[in-house]
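# Results of the structural survey
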Amino acid sequence: MPSSSPGSPPPADGLPSVARRHLGALARSLAHPSHPPTPLLAGASRRWQRLAPYVVVTLLTALFVPATFQILTMDYQVGRGPAALLALAQAGPLLMLAHRPLQAWWIVFGADVVGALVLLAPVSSPAPVPLPPLRQELPWPWSPTVVISYLFVLLALGLRETRRTLLAVWLTTGTAGLLLYLIAPERDASGVVLLPVLGAVVLVITAALRERGEAQRRLVEQETISETERAGRTLLEERTRIARELHDVVAHHMSVITVQADSAPYRISGLPEQAREEFGSIAASARESLTEMRRLLSVLRSDGTEGERAPQPGLDRIQQLVEATVRSGLPVELSMGTDVPGSTEDGLPQAVDLSAYRIVQEALANVVRHAPGARTRVSVTAAGSHLTVLVVNDRAQRPGSPLEATGTGHGLVGMRERVRLTGGTLDTGPLPDGGFRVAARLPLSAPVVSSASLASEDP
């Protein structure tokens, strides 16, 4: 016999080996349920839904046990003792269908096969009693109650087990019926064909329903995961955008520190050498911080995005923003309080100045997208130590015709992050008349950040 070369593929398995492998897989599927013994509908939210399977299997058992006993004794002329045992064995396991359908099938299947063999025994009846119709004229090997109760067992299996298990159950049922028919071919063997046909229909329908439910459940899970990922991505994008904008604010202050530290030895006479070295160290540290901040900004900036050359906007640009929005077709009214600081020299932190402008910008953009034509009022006032920004719009003039049916979620997320940055508060929500309200309260002085609060911040 020629030996195969080391590099040649191994010979293919023969047909008997493949058949044995598949039969072994089918046998293992019958021995091991594909799900834990948890009740059907155990995850339902309502109690009556969780109890419904138990009520159903209890009613089925209460119906089929006496019905099976009646048919065995009256029609098939089985003794009352054996008939009672068969009725309990064939219909009693229906109580297990709610949580252990495969184990229930094993008991019912075995009891049905034993019952078919019992029906082959000769009839023993007292002489003066007239005999009912002969057994040869009755359905065999499966009685009518056996067929109907067996279909309920297959229904429970189809809702819980895999395709391989269902195929193994169907093949086992058909094979058992065929072997019983070969034992007594003279009997009415209509059940040999009827049960596999009806069982196939039940298994196919229930398996399709189960797989459809599983597909819908996985789709809902995937949508939930996608929504969570989208919300997280939106939050990160907004934080990155805010960080890029605040770079200019921080860079300005660091540049001032650098200039002051470098010029201090020339502006202040009589400084000792130790003080000159200290100012030089401060200037060097400030320049190094600026360099590191520029590197960080290059990481935060998206690929292909150029740096903004224009100065960051503030409250002094809100009037221009409102005018541009009015030109786009949205009626907007602006109210600026007389006590609102007009520049950073008046004590308004640059972060608050920029955040107030961006909140108004994003609120107006949301009105344009979701309520086109709605009358909008913008109010910026200063009271005490806080700046209040209020944007309120009425119901859309053209109901049902927003430019965007669903938003990206960036607007409100960006507002919350900007308010959180400055240590203020934000209140947003719909109004009873169909409009929408955005109210932000920002501190006019920089918040004091403790080490404990820094440690509790999100990474």
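Because the structure is a prediction, the values reported are computed rather than measured.

Strand order in this open sheet of 5 strands is S1-S2-S3-S5-S4, and the pairing throughout is mixed. A strand with exactly one partner marks an edge of an open sheet, and here the two such strands are strand S1 (332–336) and strand S4 (425–430). Geometrically, the sheet is characterised by an average inter-axis angle of 10° between neighbouring strands, direction not taken into account. Both S4 and strand S5 (residues 436–443) contribute to a ladder of 6 bridges, which runs antiparallel. Its bridge partner being in S5, Pro-430 is matched across the sheet by Phe-436. Of the strands in this sheet, S1 and strand S2 (376–383) touch helix H9 (residues 318–327), which is tilted by about 170° from S1. Together, S1, S2, strand S3 (386–393) and S5 form the strand contacts of helix H10 (residues 350–370), whose direction differs from that of S3 by roughly 5°.

Among the nonpolar cores identified, the biggest contains 43 residues, and Trp-105, Tyr-150 and Leu-157 are the most heavily contacted of them. Among the elements of the structure, helix H1 (15–31), helix H2 (47–74), helix H3 (80–91), helix H4 (101–118), helix H5 (144–160), helix H6 (163–183) and helix H7 (190–267) are those that each provide at least two residues to this core. At 8 residues, H5 tops the list of elements feeding residues into this core. The residues touching Leu-157, leaving out its near neighbours within four places in the chain, are Pro-101, Leu-102, Trp-105, Leu-166 and Val-169. With 31 residues, the next largest nonpolar core counts Ala-356, Ala-382, Val-389 and Val-438 among its residues.

Let us now look at the side chain of Asp-112. Structurally, Asp-112 is set in helix H4. Buried Asp-112, no salt bridge; nearest opposite-charge side chain is Arg-187, N-O distance 15 Å. Discounting chain neighbours no more than four positions away, the residues touching Asp-112 are Gln-90, Trp-142, Val-146 and Tyr-150.

What follows deals with a nonpolar patch on the surface. A cluster of nonpolar residues, Ile-148, Phe-152, Leu-155, Leu-159, Val-193, Val-197, Val-201, Ile-205 and Leu-209, forms a patch on the protein surface that exposes about 750 Å² of accessible area. Of all the elements in the fold, those that place two or more residues in the nonpolar patch are H5 and H7. Ranked by the residues each element gives to the nonpolar patch, the list is headed by H7, at 5 residues. For Leu-155, the location among the structural elements is in helix H5. Given the relative accessible area of 34%, Leu-155 is considered partly exposed.

Thresholds, definitions, all that
- Residues numbered from 1 in each chain as written.
- Predicted model: local features only at pLDDT ≥ 70, side-chain atom pairs only at ≥ 80, totals over all residues.
- Heavy atoms only, no water.
- Pairing = 2+ DSSP bridges.
- Helix = DSSP H or I, 4+ residues; strand = E, 2+ residues; numbered from the N terminus.
- Axes fitted to C-alpha atoms, helices over the stretch in contact; angles between N-to-C directions.
- Contact = heavy atoms within 4.5 Å.
- Core = buried A, V, L, I, M, F, W, Y, C linked by side-chain atoms within 4.5 Å.
- Buried < 20%, exposed > 50% of the residue type's maximum accessible area, 1.4 Å probe, protein only.
- Lys, Arg positive; Asp, Glu negative; His and termini not counted.
- Salt bridge = Lys/Arg side-chain N within 4 Å of Asp/Glu carboxyl O.
- Patch = residues over 30% accessible without salt bridge, like charges linked within 9 Å, V, L, I, M, F, W, Y side chains within 5 Å.
- Areas by Shrake-Rupley, 256 points an atom, 1.4 Å probe, with all protein chains shown as cover.

By themselves, these observations are geometric and do not establish any function.
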